[in-house]
Amino acid sequence: MKTGKLWGVGLGPGDPELMTVKAARLISEADVIAYHCARHGRSIARSVAEPYLSEGQIEERLMYPVTTEGTDHPGGYEGAIAEFYELSAKRLAEHLDAGRDVVVLCEGDPFFFGSYMYMHERLCDRYEAEAVPGVTSVSAASAVLGKPLVQRDEVLTILPGTLPAPELARRLADTQAAAVMKLGRTFGSVREALAESGRLDEAYYVERATWSNQRVEPFADVDPSTVPYFSLALVPSPAYASRKEPAAEPAAVPVESGEVVVVGLGPAGPEWLTPEASAALAEAEHIVGYGPYVAKVPQRAGQVRHASGNRVEADRARHALSLAASGARVAVVSSGDPGVFAMASAVLEQAASLEEPVRVRVIPGVTAASAAAARVGAPLGHDYCVLSLSDRLKPWEVIERRLEAAGVADLVVALYNPASRTRTEQLVRTRDVLLRHRSESTPVVVARDVGGPEESVMVTSLGEFDPSVVDMRCLVIVGSSRTRVDHGFVWTPRSY
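Calculation criteria
- Residues numbered from 1 in each chain as written.
- Predicted model: local features only at pLDDT ≥ 70, side-chain atom pairs only at ≥ 80, totals over all residues.
- Heavy atoms only, no water.
- UniProt positions renumbered as here; feature names shortened; annotations may be inferred.
- Phe/Tyr/Trp six-rings, centres within 6.5 Å; stacked < 30°, edge-to-face > 60°.
- Buried < 20%, exposed > 50% of the residue type's maximum accessible area, 1.4 Å probe, protein only.
- Patch = residues over 30% accessible without salt bridge, like charges linked within 9 Å, V, L, I, M, F, W, Y side chains within 5 Å.
- Areas by Shrake-Rupley, 256 points an atom, 1.4 Å probe, with all protein chains shown as cover.
- Salt bridge = Lys/Arg side-chain N within 4 Å of Asp/Glu carboxyl O.
- Helix = DSSP H or I, 4+ residues; strand = E, 2+ residues; numbered from the N terminus.
- Pairing = 2+ DSSP bridges.
- Axes fitted to C-alpha atoms, helices over the stretch in contact; angles between N-to-C directions.
- Contact = heavy atoms within 4.5 Å.

If you look the protein up in an unreviewed UniProt entry, it shows as Precorrin-2 C(20)-methyltransferase from Amycolatopsis tucumanensis. Regarding the protein, the relevant UniProt record gives this comment under Sequence similarities (unreviewed entry): "Belongs to the precorrin methyltransferase family."

## Here we look at the packing of aromatic side chains
Applying the stated rule across the entire model yields 12 aromatic pairs. Where Phe-84 meets Tyr-85, the ring centres are 5.3 Å apart and the plane angle is 45 degrees; that geometry is what we call tilted. The two residues Phe-84 and Tyr-85 agree in class, both being buried. Members of the aromatic cluster, each reached through a chain of ring pairs, are Tyr-64, Phe-84, Tyr-85 and Tyr-118.

## What about a nonpolar patch on the surface?
Together, Phe-341, Tyr-384 and Val-386 make up an exposed nonpolar region whose accessible area comes to about 270 Å². Inspection of the secondary structure assignment puts Phe-341 in the loop between strand E14 (329-334) and helix H12 (343-352). Taking the relative accessible area as the measure of exposure, Phe-341 reaches 46% and is therefore partly exposed.

## Let's talk about the sheet that holds E14
Paired through backbone hydrogen bonds, the strands of a sheet run either parallel or antiparallel to each other. With parallel pairing, 5 strands are arranged side by side in an open sheet as E13-E12-E14-E11-E15. Taken across any chain shown, the strands that pair with only one partner, and hence form the sheet edges, are strand E13 (304-308) and strand E15 (360-363). Each neighbouring strand pair of the sheet contributes to a mean axis angle of 20 degrees, computed without reference to strand direction. Looking at chain direction, strand E12 (residues 286-290) and E13 are connected through 5 bridges and run parallel. Of the residues in E13, the one forming a bridge with His-286 is Val-304. Sitting on the sheet, helix H11 (residues 313-325) touches strand E11 (259-264), E12, E13, E14 and E15, and the angle it makes with E12 is about 175 degrees.

## Observations regarding the environment of Glu-440
Relative to the helices and strands, Glu-440 resides in the loop between helix H15 (426-435) and strand E19 (443-448). You can call Glu-440 exposed: its relative accessible area is 56%. Spatially, the C-alpha atoms of Glu-440 and Glu-130 are 59 Å apart, while their sequence positions differ by 310 residues.

What follows is the structure in structure tokens.
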């Protein structure tokens, strides 16, 4: 017997007239109509679809077993909800096996924070399944607000309000436009994040967009006790807002207060940040840097962030100096230590070309070499050198000559920028150069993402070292003739 087909039908934001023609047809033709509801038994999805229901249809009410008040399930909320989805999928499978087409009603779009997706992932491998898109609540909110979401090259970010406030603030500061979903109990945290990111005055509150009782007002004016789950925060297109409501002239800032502070963030998370660096970041009015490094900086209220790509160091430095020349306090951020293959030299180079001097300070950070060495012991315990294998700013001939000199001098070598997608041969050549001066048993440390979620540290030998396991997130340390591996530690004696 032919099985039925599973449909996840997006109903749109609430107004039945905003449902697609296809959605309305499928609802009217379905053998089975399934919808989620809370313990009270009422279903918003069913009420939206009601004008299109037909007589004789089987209705499957999928009642959530838990609320925000908690559950007695031994697996907690996650265990209870997973069990609910499994049981619901089995109920729908019985209809599909009997040859009945099943439509699962879903507010908004089925694959945009939609309840249908949990049925889809459990049943799509066994039955024909298809999602029918619907107008999202974000699109509806923008329409009822009467303001564009994004235009031209602006970036729109969709965020769940359940994220921690500091993470929400960081992401709000790093985007042009945003929608924050799932308010209700998260309203206070979302408001805090909007304030911290400096976006509160731009944000709007939209509740039940397109419903007869919809509500739209500035987010800052909303009473938290009145906020239901079906609401969102919207920060619409800043370009549109700037044309409709030109920004007020900024208050004059004394030029002599301007300064660029080049800050080392360390190799990973906030635990690697020094108190001096933390204080400088907290005082800065502008944060300038490579995007992933800027993302590591906790958001502060009113702070402006300027993220850019990895290969525009000079442009970044000039921008930071320009901001400081106008009187701003600017922090330029670097991973590790800013003076080691990082932004300090780029800023100082650009500062040297200015007709009018700008104050520049450099705040050190834990280097990648120090972090990697500490993970295995003390391979940098005696004389060592630090080399970058990137030939983007200097020719390979210079790198090889310095490697040769380090080999002759019997120095431990810490290798930065060891490989990339386009640079795969340099590390092979490096190994060959050092093998002319070191035995194959020389210890080699390959440290990847030290302090980060994907940290891995491997100790091998120069003879067995496989360069193909190394990428740009790695740092490689090659020992000297005196470096040892004892009891799980790699160390170089201070006596020679």
